[in-house]
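# Structure assessment
The primary structure of each chain is shown beneath.
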Amino acid sequence: MKILIVGNGGREHALLWKLRRDAPGADLFVTRANGGMGGLATSLDIAPGDIGGLADWAAWNGAGLTVVGPEIPLDEGIVDAFVARGLPIFGPTQAAARIESSKAFSKRLMRDYGIPTAAFRRYSSTDIATFDADEAKLRGMGELRVVKASGLAAGKGVLVCETVDEAIDAAREMLAGDSFGAAGREVVIEEFMHGEELSVFALTDGTNVVPMLPAQDHKRIGEGETGPNTGGMGAYAPVALATPELMRQVTEEILRPTVAALAAEGHPFRGLLYAGLMLTETGPRVVEFNCRFGDPETQVVLPLLASSLLDPLLAIARGESIAGASLEWRSDAAVTTVLASGGYPGDYHSGIPIHVDPAIESMDDVLVFHAGTKTSADGTLVTSGGRVMAVTALAPTVGEAAERSRAAADMVGFDGRYFRRDIAHREVARTEVARA
Ligand code: AMP
Ligand code: GLY
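Just so it is clear, the model here is predicted, and its values are computed rather than measured.

### As for the overall build of the protein chain
Along the backbone of the protein chain there are 13 helices and 24 strands. Scaling as 2.2 N^0.38, a compact globule of 436 residues should have a C-alpha radius of gyration of about 22 Å, and the protein chain matches this with 21 Å. Taking the principal axes of its C-alpha atoms as reference, the protein chain extends roughly 60 × 55 × 45 Å. Working note: accessible area of the protein chain is about 17,300 Å², and carbon and sulfur atoms make up 50% of it. Side chains of the protein chain carry 40 positive and 57 negative charges; the gap between the two charge centres is 2 Å.

### Quick word on a negative patch on the surface
A cluster of acidic residues, E162, E166, D169 and E173, forms a negative patch at the surface. Here E173 is to be found in helix α8 (residues 164–176).

### Re the environment of A96
Here A96 is to be found in helix α5 (residues 94–101). The class for A96 is buried, based on a relative accessible area of 0%. Measuring from C-alpha to C-alpha, the distance between A96 and L262 comes to 6.9 Å, with 166 residues separating the pair along the chain. With sequence-adjacent residues up to four places away left out, A96 is seen in contact with L262, H267, P268 and F269.

### Focus on the pairing of strand β17 (residues 283–290)
Most of β17 is tucked away: 7 of the 8 residues are buried. Across 7 bridges, the pairing between strand β16 (residues 271–280) and β17 is antiparallel. If you follow A275 over to β17, its bridge partner there is F289. Hairpin connection between β16 and β17: a loop of 2 residues separates the two successive antiparallel strands.

### Let's talk about the site of ligand 1
In the vicinity of ligand 1, 14 residues are found, and the nearest of them are E190, E191, M193, E197 and E288. K103 is positioned such that a nitrogen or oxygen atom in its side chain is 3.2 Å from an oxygen atom of ligand 1. Note that an oxygen atom of ligand 1 is positioned 2.8 Å from one of the side-chain N or O atoms of E288. Expressed as a share of its isolated accessible area of 470 Å², the protein-covered part of ligand 1 is 92%. Grouping the amino acids of the shell around ligand 1 by side-chain chemistry returns 7 nonpolar, no polar and 7 charged.

### Looking at the site of ligand 2
The full set of residues close to ligand 2 is D217, G231, Y274, N290, R292, G294, D295, P296 and E297. Between ligand 2 and the protein, one listed contact pairs a nitrogen atom with a side-chain N or O atom of D217 at 2.8 Å. Residue E297 places a side-chain N or O atom 2.8 Å away from a nitrogen atom belonging to ligand 2. Burial of ligand 2 by the protein amounts to 89% of the accessible area it has alone, namely 200 Å².

### Quick look at unusual backbone geometry
Going from A237 to P238, the amide bond is cis rather than trans, its omega being -5°. Residue P296 is bonded to the preceding D295 through a cis peptide linkage, with omega at 20°. With respect to the secondary-structure elements, P296 resides in the loop between β17 and α10 (298–304). Phi at D365 takes a positive value of approximately 55°, unusual for a residue other than glycine. Summarising the element assignment, D365 is placed in the loop between β19 (355–356) and β20 (366–370). At A424, a residue that is not glycine, the phi angle is positive and equals roughly 75°.

### Overview of the packing of α5 against helix α6 (residues 103–112)
It is at 6 Å that the axes of α5 and α6 come closest, and there the two elements cross at 90°. In terms of their interaxial angle, α5 and α6 are classed as roughly perpendicular. Between α5, through R98, I99 and S101, and α6, the contact on the second element is made entirely by K103, F105, S106 and L109. Of the residues that constitute the contact of α5 with α6, the class distribution is 3 nonpolar, 2 polar and 2 charged.

### Comments concerning the side chain of E196
Tracing the backbone through its elements, the reader meets E196 in strand β10 (residues 196–204). Side chain to side chain, E196 and Q216 meet in a polar contact 2.8 Å long. Reaching out from E196, the side chain makes a polar contact with the side chain of R430 at a distance of 2.7 Å. Setting aside anything within four residues of it in sequence, one finds E196 in contact with Q216, L241, L277, M278, L279, R426 and R430.

### Some remarks on the pattern of salt bridges
Applying the stated rule across the entire model yields 31 salt bridges. Between E288 and K103 there is a salt bridge, with the nearest N and O atoms lying 3.4 Å from each other. Here E288 is found in strand β17, whereas its partner K103 is found in helix α6, with 185 residues between them in sequence. Looking at E288, the relative accessible area reads 22%, which means it is partly exposed. A salt bridge links R426 to E196; its shortest N-O distance comes to 3.9 Å. One end of the pair, R426, is in helix α13 (residues 425–435); the other, E196, is in strand β10, with 230 residues separating them in the sequence. For E196, a relative accessible area of 18% puts it in the buried group.

Conventions used here
- Residues numbered from 1 in each chain as written.
- Chains lettered and ligands numbered in written order.
- Predicted model: local features only at pLDDT ≥ 70, side-chain atom pairs only at ≥ 80, totals over all residues.
- Heavy atoms only, no water.
- Helix = DSSP H or I, 4+ residues; strand = E, 2+ residues; numbered from the N terminus.
- Rg over C-alpha atoms; globule rule 2.2 N^0.38 Å.
- Areas by Shrake-Rupley, 256 points an atom, 1.4 Å probe, with all protein chains shown as cover.
- Lys, Arg positive; Asp, Glu negative; His and termini not counted.
- Charge placed at Lys NZ, Arg CZ, Asp CG, Glu CD.
- Patch = residues over 30% accessible without salt bridge, like charges linked within 9 Å, V, L, I, M, F, W, Y side chains within 5 Å.
- Salt bridge = Lys/Arg side-chain N within 4 Å of Asp/Glu carboxyl O.
- Buried < 20%, exposed > 50% of the residue type's maximum accessible area, 1.4 Å probe, protein only.
- Contact = heavy atoms within 4.5 Å.
- Pairing = 2+ DSSP bridges.
- Near = heavy atom within 4 Å.
- Polar contact = N/O pair within 3.5 Å; in protein donor to acceptor, adjacent residues only side chain to side chain.
- Nonpolar A, V, L, I, M, F, W, Y, C, P; charged D, E, K, R; others polar.
- Axes fitted to C-alpha atoms, helices over the stretch in contact; angles between N-to-C directions.
- Parallel < 35°, antiparallel > 145°, perpendicular 65-115°, else oblique.

Laid out in C-alpha coordinates, this is it:
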(Lines give C-alpha, C1' and ligand atoms only; values in the text may rest on other atoms or scores of the structure.)
(Ligands and ions follow the chains in the order given, each with its own letter.)
Protein backbone atom coordinates (compact mmCIF):
# COMPACT_ATOMS: atom_id res chain seq x y z
CA MET A 1 0.00 0.00 0.00
CA LYS A 2 1.08 3.57 -0.68
CA ILE A 3 0.75 5.97 2.25
CA LEU A 4 1.26 9.71 1.93
CA ILE A 5 2.06 11.96 4.89
CA VAL A 6 1.38 15.66 4.35
CA GLY A 7 3.79 17.88 6.29
CA ASN A 8 7.47 17.65 7.17
CA GLY A 9 7.97 18.54 10.84
CA GLY A 10 8.75 16.51 13.95
CA ARG A 11 5.15 15.36 14.29
CA GLU A 12 5.16 14.01 10.73
CA HIS A 13 8.51 12.30 11.31
CA ALA A 14 6.97 10.52 14.32
CA LEU A 15 3.92 9.54 12.24
CA LEU A 16 6.20 8.09 9.55
CA TRP A 17 8.25 6.23 12.15
CA LYS A 18 5.12 4.63 13.62
CA LEU A 19 3.49 3.80 10.27
CA ARG A 20 6.75 2.23 9.10
CA ARG A 21 6.66 -0.08 12.16
CA ASP A 22 2.98 -0.87 11.64
CA ALA A 23 3.38 -1.57 7.93
CA PRO A 24 6.95 -2.63 7.15
CA GLY A 25 6.00 -3.44 3.55
CA ALA A 26 4.16 -0.20 2.75
CA ASP A 27 5.56 2.47 0.43
CA LEU A 28 5.68 5.70 2.42
CA PHE A 29 5.75 9.15 0.83
CA VAL A 30 6.08 12.58 2.38
CA THR A 31 5.83 16.15 1.12
CA ARG A 32 9.33 17.65 0.95
CA ALA A 33 11.11 15.35 3.40
CA ASN A 34 13.18 17.04 6.08
CA GLY A 35 16.76 15.93 6.69
CA GLY A 36 15.74 12.95 8.83
CA MET A 37 12.89 11.37 6.88
CA GLY A 38 14.87 10.09 3.92
CA GLY A 39 15.40 6.57 5.25
CA LEU A 40 11.68 6.14 5.98
CA ALA A 41 9.89 7.66 3.02
CA THR A 42 10.20 8.93 -0.53
CA SER A 43 10.16 12.71 -0.73
CA LEU A 44 7.65 14.31 -3.09
CA ASP A 45 8.35 17.82 -4.30
CA ILE A 46 4.78 18.96 -3.77
CA ALA A 47 4.06 21.70 -1.22
CA PRO A 48 1.82 20.63 1.70
CA GLY A 49 -0.52 23.46 0.66
CA ASP A 50 -0.84 22.33 -2.97
CA ILE A 51 -4.13 20.48 -2.50
CA GLY A 52 -4.79 19.91 -6.19
CA GLY A 53 -1.26 18.62 -6.74
CA LEU A 54 -1.50 16.25 -3.79
CA ALA A 55 -4.93 14.91 -4.84
CA ASP A 56 -3.62 14.34 -8.38
CA TRP A 57 -0.60 12.48 -7.02
CA ALA A 58 -2.78 10.34 -4.72
CA ALA A 59 -5.21 9.52 -7.54
CA TRP A 60 -2.56 8.73 -10.15
CA ASN A 61 -0.54 6.61 -7.73
CA GLY A 62 -3.45 4.86 -6.06
CA ALA A 63 -2.55 6.02 -2.53
CA GLY A 64 -4.39 3.83 -0.02
CA LEU A 65 -4.10 6.40 2.76
CA THR A 66 -3.16 10.05 3.13
CA VAL A 67 -2.53 11.43 6.62
CA VAL A 68 -2.51 15.21 7.10
CA GLY A 69 -0.17 16.57 9.79
CA PRO A 70 -0.63 20.36 9.90
CA GLU A 71 -3.83 22.38 10.36
CA ILE A 72 -3.41 24.73 7.40
CA PRO A 73 -4.17 22.23 4.59
CA LEU A 74 -7.12 20.95 6.69
CA ASP A 75 -8.45 24.49 7.04
CA GLU A 76 -7.97 24.93 3.28
CA GLY A 77 -10.12 21.90 2.48
CA ILE A 78 -7.64 19.15 1.58
CA VAL A 79 -10.00 16.50 2.99
CA ASP A 80 -12.99 17.80 1.05
CA ALA A 81 -10.92 17.69 -2.15
CA PHE A 82 -9.75 14.11 -1.55
CA VAL A 83 -13.20 12.88 -0.49
CA ALA A 84 -14.75 14.40 -3.62
CA ARG A 85 -12.40 12.21 -5.64
CA GLY A 86 -12.96 9.10 -3.55
CA LEU A 87 -9.43 9.13 -2.08
CA PRO A 88 -9.00 7.79 1.49
CA ILE A 89 -7.67 10.54 3.73
CA PHE A 90 -7.31 10.89 7.51
CA GLY A 91 -8.43 14.27 8.83
CA PRO A 92 -11.52 16.44 9.23
CA THR A 93 -13.29 18.39 6.49
CA GLN A 94 -12.83 22.14 6.26
CA ALA A 95 -16.14 22.73 8.08
CA ALA A 96 -15.21 20.38 10.94
CA ALA A 97 -11.66 21.81 11.12
CA ARG A 98 -13.21 25.11 12.23
CA ILE A 99 -13.08 23.63 15.74
CA GLU A 100 -9.44 24.81 15.51
CA SER A 101 -9.43 27.40 12.74
CA SER A 102 -12.15 29.58 14.28
CA LYS A 103 -12.09 30.20 18.00
CA ALA A 104 -15.39 32.07 17.58
CA PHE A 105 -16.90 28.85 16.17
CA SER A 106 -15.43 26.52 18.78
CA LYS A 107 -16.37 28.76 21.70
CA ARG A 108 -19.94 29.12 20.40
CA LEU A 109 -20.17 25.33 19.95
CA MET A 110 -18.92 24.71 23.49
CA ARG A 111 -21.36 27.21 24.94
CA ASP A 112 -24.35 25.83 23.01
CA TYR A 113 -23.61 22.23 23.96
CA GLY A 114 -22.54 22.77 27.57
CA ILE A 115 -18.91 21.73 27.11
CA PRO A 116 -16.85 23.18 30.00
CA THR A 117 -14.60 26.07 28.92
CA ALA A 118 -13.65 29.60 29.98
CA ALA A 119 -16.40 32.26 29.98
CA PHE A 120 -15.96 34.52 26.95
CA ARG A 121 -17.22 37.31 24.72
CA ARG A 122 -16.65 37.50 20.98
CA TYR A 123 -16.21 40.70 18.96
CA SER A 124 -15.71 41.54 15.31
CA SER A 125 -13.76 44.41 13.75
CA THR A 126 -16.85 45.36 11.74
CA ASP A 127 -18.65 46.19 14.98
CA ILE A 128 -16.22 47.95 17.31
CA ALA A 129 -19.16 49.98 18.67
CA THR A 130 -20.51 46.87 20.41
CA PHE A 131 -17.11 46.26 21.95
CA ASP A 132 -16.97 49.87 23.17
CA ALA A 133 -20.48 49.60 24.60
CA ASP A 134 -19.56 46.39 26.43
CA GLU A 135 -16.41 47.74 28.02
CA ALA A 136 -17.89 48.38 31.48
CA LYS A 137 -19.61 44.99 31.44
CA LEU A 138 -16.34 43.28 30.51
CA ARG A 139 -14.63 44.89 33.49
CA GLY A 140 -17.34 43.51 35.74
CA MET A 141 -17.06 39.94 34.45
CA GLY A 142 -14.09 38.93 36.59
CA GLU A 143 -10.84 37.57 35.26
CA LEU A 144 -11.56 38.22 31.57
CA ARG A 145 -7.93 38.75 30.65
CA VAL A 146 -7.05 36.35 27.85
CA VAL A 147 -7.33 37.80 24.33
CA LYS A 148 -7.34 35.56 21.26
CA ALA A 149 -7.37 36.24 17.54
CA SER A 150 -10.14 33.96 16.29
CA GLY A 151 -8.36 32.61 13.21
CA LEU A 152 -5.22 30.50 12.77
CA ALA A 153 -2.20 32.43 13.99
CA ALA A 154 0.42 29.68 14.39
CA GLY A 155 0.06 29.74 18.17
CA LYS A 156 0.90 33.45 18.31
CA GLY A 157 -2.62 34.86 18.45
CA VAL A 158 -3.09 34.46 22.21
CA LEU A 159 -2.29 37.17 24.75
CA VAL A 160 -2.52 36.29 28.41
CA CYS A 161 -2.72 39.73 30.10
CA GLU A 162 -2.01 40.65 33.70
CA THR A 163 -5.15 42.73 34.13
CA VAL A 164 -8.58 43.13 32.55
CA ASP A 165 -7.66 46.73 31.57
CA GLU A 166 -4.65 45.49 29.66
CA ALA A 167 -6.80 42.83 27.97
CA ILE A 168 -9.39 45.39 26.87
CA ASP A 169 -6.67 47.56 25.34
CA ALA A 170 -5.12 44.55 23.61
CA ALA A 171 -8.48 43.40 22.24
CA ARG A 172 -9.25 46.87 20.90
CA GLU A 173 -5.84 47.07 19.27
CA MET A 174 -6.32 43.64 17.68
CA LEU A 175 -9.76 44.62 16.37
CA ALA A 176 -8.66 48.02 15.09
CA GLY A 177 -5.19 47.13 13.85
CA ASP A 178 -3.93 44.61 11.38
CA SER A 179 -1.22 42.90 13.41
CA PHE A 180 -2.90 39.49 13.10
CA GLY A 181 -4.27 40.00 9.57
CA ALA A 182 -7.53 38.20 8.83
CA ALA A 183 -7.07 36.01 11.93
CA GLY A 184 -7.48 39.06 14.18
CA ARG A 185 -10.61 40.54 12.64
CA GLU A 186 -12.60 38.48 15.06
CA VAL A 187 -11.47 38.42 18.67
CA VAL A 188 -12.40 36.32 21.67
CA ILE A 189 -11.76 37.71 25.12
CA GLU A 190 -12.01 35.09 27.84
CA GLU A 191 -11.65 34.21 31.47
CA PHE A 192 -8.21 33.22 32.75
CA MET A 193 -8.28 29.63 33.98
CA HIS A 194 -5.94 28.45 36.73
CA GLY A 195 -4.45 24.99 36.68
CA GLU A 196 -2.20 22.61 34.82
CA GLU A 197 -2.64 21.95 31.14
CA LEU A 198 -3.16 18.55 29.57
CA SER A 199 -3.15 17.53 25.91
CA VAL A 200 -5.59 14.76 25.03
CA PHE A 201 -5.66 13.26 21.54
CA ALA A 202 -8.76 11.31 20.53
CA LEU A 203 -9.28 9.27 17.40
CA THR A 204 -12.81 9.60 16.12
CA ASP A 205 -14.86 8.31 13.18
CA GLY A 206 -17.42 11.07 13.70
CA THR A 207 -19.37 9.08 16.30
CA ASN A 208 -17.06 6.85 18.33
CA VAL A 209 -14.19 8.27 20.36
CA VAL A 210 -10.96 6.48 21.30
CA PRO A 211 -8.79 8.64 23.56
CA MET A 212 -5.03 8.23 23.38
CA LEU A 213 -2.54 8.51 26.24
CA PRO A 214 -2.63 12.09 27.60
CA ALA A 215 0.54 14.19 27.46
CA GLN A 216 1.76 17.52 28.73
CA ASP A 217 3.79 19.95 26.66
CA HIS A 218 5.98 22.91 27.60
CA LYS A 219 5.04 25.98 25.58
CA ARG A 220 7.38 28.59 27.05
CA ILE A 221 10.90 29.05 25.72
CA GLY A 222 12.55 29.31 29.14
CA GLU A 223 13.15 26.83 31.92
CA GLY A 224 10.63 27.03 34.76
CA GLU A 225 7.92 28.13 32.26
CA THR A 226 9.33 31.61 31.59
CA GLY A 227 9.59 33.82 28.52
CA PRO A 228 7.46 33.87 25.37
CA ASN A 229 5.30 31.04 24.07
CA THR A 230 6.68 28.77 21.35
CA GLY A 231 5.32 25.94 19.23
CA GLY A 232 6.41 23.64 22.08
CA MET A 233 9.81 22.98 23.67
CA GLY A 234 9.22 19.47 24.92
CA ALA A 235 6.58 17.05 26.13
CA TYR A 236 6.10 13.95 28.20
CA ALA A 237 3.64 11.12 28.78
CA PRO A 238 2.01 9.59 30.70
CA VAL A 239 0.80 12.28 33.11
CA ALA A 240 -0.02 11.09 36.64
CA LEU A 241 -2.69 13.79 37.07
CA ALA A 242 -4.62 12.17 34.24
CA THR A 243 -6.05 9.33 36.30
CA PRO A 244 -8.44 6.81 34.72
CA GLU A 245 -11.24 8.63 36.58
CA LEU A 246 -10.25 12.01 35.12
CA MET A 247 -9.97 10.49 31.65
CA ARG A 248 -13.49 9.05 31.98
CA GLN A 249 -14.72 12.52 32.88
CA VAL A 250 -12.83 14.09 29.94
CA THR A 251 -14.29 11.48 27.58
CA GLU A 252 -17.87 11.78 28.83
CA GLU A 253 -18.04 15.53 29.47
CA ILE A 254 -15.77 16.87 26.73
CA LEU A 255 -14.73 14.49 23.94
CA ARG A 256 -18.01 12.66 23.26
CA PRO A 257 -20.23 15.75 23.56
CA THR A 258 -17.94 17.69 21.20
CA VAL A 259 -17.95 14.96 18.57
CA ALA A 260 -21.73 14.65 18.95
CA ALA A 261 -22.16 18.44 18.68
CA LEU A 262 -20.18 18.61 15.44
CA ALA A 263 -22.24 15.74 14.00
CA ALA A 264 -25.50 17.38 15.17
CA GLU A 265 -24.51 20.57 13.33
CA GLY A 266 -23.94 18.60 10.14
CA HIS A 267 -20.13 18.62 10.25
CA PRO A 268 -19.09 15.21 11.57
CA PHE A 269 -15.45 15.25 12.65
CA ARG A 270 -13.39 12.31 11.41
CA GLY A 271 -9.76 12.34 12.36
CA LEU A 272 -7.78 13.34 15.40
CA LEU A 273 -9.45 15.68 17.84
CA TYR A 274 -6.94 17.28 20.18
CA ALA A 275 -8.36 18.77 23.35
CA GLY A 276 -6.08 21.27 25.08
CA LEU A 277 -7.40 21.20 28.63
CA MET A 278 -6.94 23.13 31.84
CA LEU A 279 -7.27 20.98 34.93
CA THR A 280 -9.02 23.50 37.18
CA GLU A 281 -10.29 23.12 40.72
CA THR A 282 -13.78 22.64 39.34
CA GLY A 283 -12.73 19.99 36.83
CA PRO A 284 -11.24 19.80 33.34
CA ARG A 285 -12.14 22.67 31.00
CA VAL A 286 -11.22 23.27 27.38
CA VAL A 287 -8.53 25.83 26.55
CA GLU A 288 -8.72 25.07 22.84
CA PHE A 289 -9.37 22.31 20.36
CA ASN A 290 -7.04 21.38 17.55
CA CYS A 291 -8.05 19.33 14.52
CA ARG A 292 -4.78 17.37 14.21
CA PHE A 293 -2.00 15.70 16.15
CA GLY A 294 -0.02 18.03 18.44
CA ASP A 295 3.65 18.81 18.05
CA PRO A 296 5.72 17.82 20.10
CA GLU A 297 3.19 15.62 22.00
CA THR A 298 3.03 13.19 19.05
CA GLN A 299 6.75 12.54 19.54
CA VAL A 300 6.01 11.02 22.97
CA VAL A 301 2.54 9.53 22.44
CA LEU A 302 3.30 7.45 19.33
CA PRO A 303 6.48 5.80 20.67
CA LEU A 304 4.40 4.55 23.62
CA LEU A 305 1.66 3.11 21.41
CA ALA A 306 2.18 -0.65 21.35
CA SER A 307 -0.79 -1.45 19.10
CA SER A 308 -1.30 -0.36 15.51
CA LEU A 309 -1.93 3.27 14.60
CA LEU A 310 -2.42 2.34 10.97
CA ASP A 311 -5.56 0.25 11.60
CA PRO A 312 -7.67 3.02 13.16
CA LEU A 313 -6.31 5.65 10.75
CA LEU A 314 -7.26 3.48 7.78
CA ALA A 315 -10.71 2.70 9.16
CA ILE A 316 -11.43 6.38 9.77
CA ALA A 317 -10.02 7.42 6.38
CA ARG A 318 -12.24 4.83 4.66
CA GLY A 319 -15.33 6.11 6.46
CA GLU A 320 -15.61 2.93 8.53
CA SER A 321 -16.53 2.67 12.20
CA ILE A 322 -13.98 2.36 14.99
CA ALA A 323 -16.59 1.14 17.49
CA GLY A 324 -14.96 -1.25 19.93
CA ALA A 325 -11.42 -0.33 18.88
CA SER A 326 -8.93 -0.04 21.71
CA LEU A 327 -5.30 0.94 21.88
CA GLU A 328 -2.52 -0.71 23.86
CA TRP A 329 0.22 1.27 25.55
CA ARG A 330 3.70 0.44 26.74
CA SER A 331 4.08 0.82 30.48
CA ASP A 332 7.12 3.13 30.07
CA ALA A 333 7.32 6.91 30.23
CA ALA A 334 8.49 9.03 27.29
CA VAL A 335 10.07 12.48 27.30
CA THR A 336 10.96 14.55 24.25
CA THR A 337 13.33 17.53 24.30
CA VAL A 338 13.13 20.02 21.45
CA LEU A 339 16.38 21.45 20.12
CA ALA A 340 15.80 24.98 18.84
CA SER A 341 17.82 27.47 16.83
CA GLY A 342 19.35 30.29 18.89
CA GLY A 343 16.94 33.25 18.90
CA TYR A 344 13.75 31.18 18.43
CA PRO A 345 10.85 32.05 18.83
CA GLY A 346 12.23 35.36 17.52
CA ASP A 347 14.65 35.66 14.59
CA TYR A 348 17.20 32.93 14.05
CA HIS A 349 19.70 31.79 11.44
CA SER A 350 19.23 28.78 9.18
CA GLY A 351 21.66 26.67 7.19
CA ILE A 352 23.86 25.90 10.21
CA PRO A 353 25.61 22.50 10.02
CA ILE A 354 24.37 19.94 12.54
CA HIS A 355 26.53 17.22 14.05
CA VAL A 356 24.73 14.14 15.33
CA ASP A 357 26.89 11.78 17.40
CA PRO A 358 26.50 8.44 15.58
CA ALA A 359 26.36 6.63 18.96
CA ILE A 360 22.80 7.98 19.34
CA GLU A 361 21.62 5.53 16.67
CA SER A 362 22.49 2.54 18.79
CA MET A 363 20.89 3.82 22.00
CA ASP A 364 17.87 1.71 22.94
CA ASP A 365 14.61 3.58 23.07
CA VAL A 366 16.08 6.90 21.95
CA LEU A 367 14.46 8.40 18.85
CA VAL A 368 15.64 11.46 16.99
CA PHE A 369 12.74 13.14 15.19
CA HIS A 370 13.78 15.84 12.75
CA ALA A 371 11.78 19.04 12.26
CA GLY A 372 13.61 22.07 10.83
CA THR A 373 16.47 20.19 9.18
CA LYS A 374 17.44 19.59 5.59
CA THR A 375 20.20 17.99 3.62
CA SER A 376 22.14 20.66 1.76
CA ALA A 377 23.42 20.25 -1.81
CA ASP A 378 26.75 18.86 -0.59
CA GLY A 379 25.03 16.29 1.63
CA THR A 380 25.54 18.10 4.96
CA LEU A 381 22.69 18.11 7.46
CA VAL A 382 21.81 21.74 8.23
CA THR A 383 19.18 23.63 10.23
CA SER A 384 16.19 25.02 8.34
CA GLY A 385 13.76 26.17 11.02
CA GLY A 386 13.21 27.36 14.57
CA ARG A 387 12.48 23.97 16.07
CA VAL A 388 15.21 21.73 14.68
CA MET A 389 14.71 18.31 16.24
CA ALA A 390 12.87 16.53 19.04
CA VAL A 391 14.86 13.88 20.88
CA THR A 392 12.60 11.33 22.57
CA ALA A 393 13.69 8.80 25.18
CA LEU A 394 11.69 6.03 26.81
CA ALA A 395 12.41 4.57 30.25
CA PRO A 396 10.53 2.92 33.10
CA THR A 397 10.13 6.22 34.97
CA VAL A 398 9.60 9.77 33.77
CA GLY A 399 12.70 10.89 35.68
CA GLU A 400 14.91 8.42 33.84
CA ALA A 401 13.28 9.21 30.51
CA ALA A 402 13.90 12.94 31.08
CA GLU A 403 17.53 12.31 31.94
CA ARG A 404 18.06 10.11 28.87
CA SER A 405 16.33 12.62 26.61
CA ARG A 406 18.59 15.41 27.91
CA ALA A 407 21.71 13.29 27.52
CA ALA A 408 20.73 12.42 23.95
CA ALA A 409 19.98 16.09 23.17
CA ASP A 410 23.55 16.87 24.25
CA MET A 411 24.76 14.48 21.55
CA VAL A 412 23.41 16.76 18.81
CA GLY A 413 25.45 19.89 18.21
CA PHE A 414 25.03 23.03 16.12
CA ASP A 415 25.95 26.67 16.58
CA GLY A 416 23.34 28.45 18.68
CA ARG A 417 21.66 25.22 19.79
CA TYR A 418 19.20 25.81 22.62
CA PHE A 419 17.09 23.39 24.62
CA ARG A 420 15.34 23.27 27.96
CA ARG A 421 16.89 20.95 30.51
CA ASP A 422 13.78 20.79 32.65
CA ILE A 423 11.25 18.99 30.46
CA ALA A 424 8.74 17.08 32.62
CA HIS A 425 9.99 18.85 35.77
CA ARG A 426 6.55 18.97 37.40
CA GLU A 427 5.96 15.29 36.81
CA VAL A 428 9.44 14.39 38.07
CA ALA A 429 8.81 16.40 41.25
CA ARG A 430 5.42 14.74 41.71
CA THR A 431 6.77 11.24 41.29
CA GLU A 432 9.67 11.95 43.65
CA VAL A 433 7.22 13.19 46.30
CA ALA A 434 5.04 10.13 45.72
CA ARG A 435 7.98 7.79 46.27
CA ALA A 436 9.37 9.56 49.34
P1 AMP B 1 -4.26 28.46 22.79
O2 AMP B 1 -3.61 28.80 21.49
O3 AMP B 1 -5.72 28.83 22.86
O4 AMP B 1 -3.97 27.05 23.24
O5 AMP B 1 -3.49 29.33 23.89
C6 AMP B 1 -2.11 29.24 24.05
C7 AMP B 1 -1.76 29.12 25.50
O8 AMP B 1 -2.24 30.27 26.22
C9 AMP B 1 -2.42 27.95 26.19
O10 AMP B 1 -1.72 26.76 26.02
C11 AMP B 1 -2.41 28.41 27.63
O12 AMP B 1 -1.14 28.23 28.21
C13 AMP B 1 -2.67 29.88 27.52
N14 AMP B 1 -4.12 30.14 27.63
C15 AMP B 1 -5.01 30.24 26.62
N16 AMP B 1 -6.25 30.45 27.08
C17 AMP B 1 -6.16 30.50 28.43
C18 AMP B 1 -7.10 30.72 29.48
N19 AMP B 1 -8.38 30.95 29.23
N20 AMP B 1 -6.64 30.69 30.75
C21 AMP B 1 -5.33 30.48 31.01
N22 AMP B 1 -4.39 30.29 30.07
C23 AMP B 1 -4.79 30.30 28.78
N1 GLY C 1 1.73 21.35 21.17
C2 GLY C 1 0.77 22.30 20.80
C3 GLY C 1 0.21 22.15 19.45
O4 GLY C 1 0.53 21.25 18.71
O5 GLY C 1 -0.62 22.97 19.07
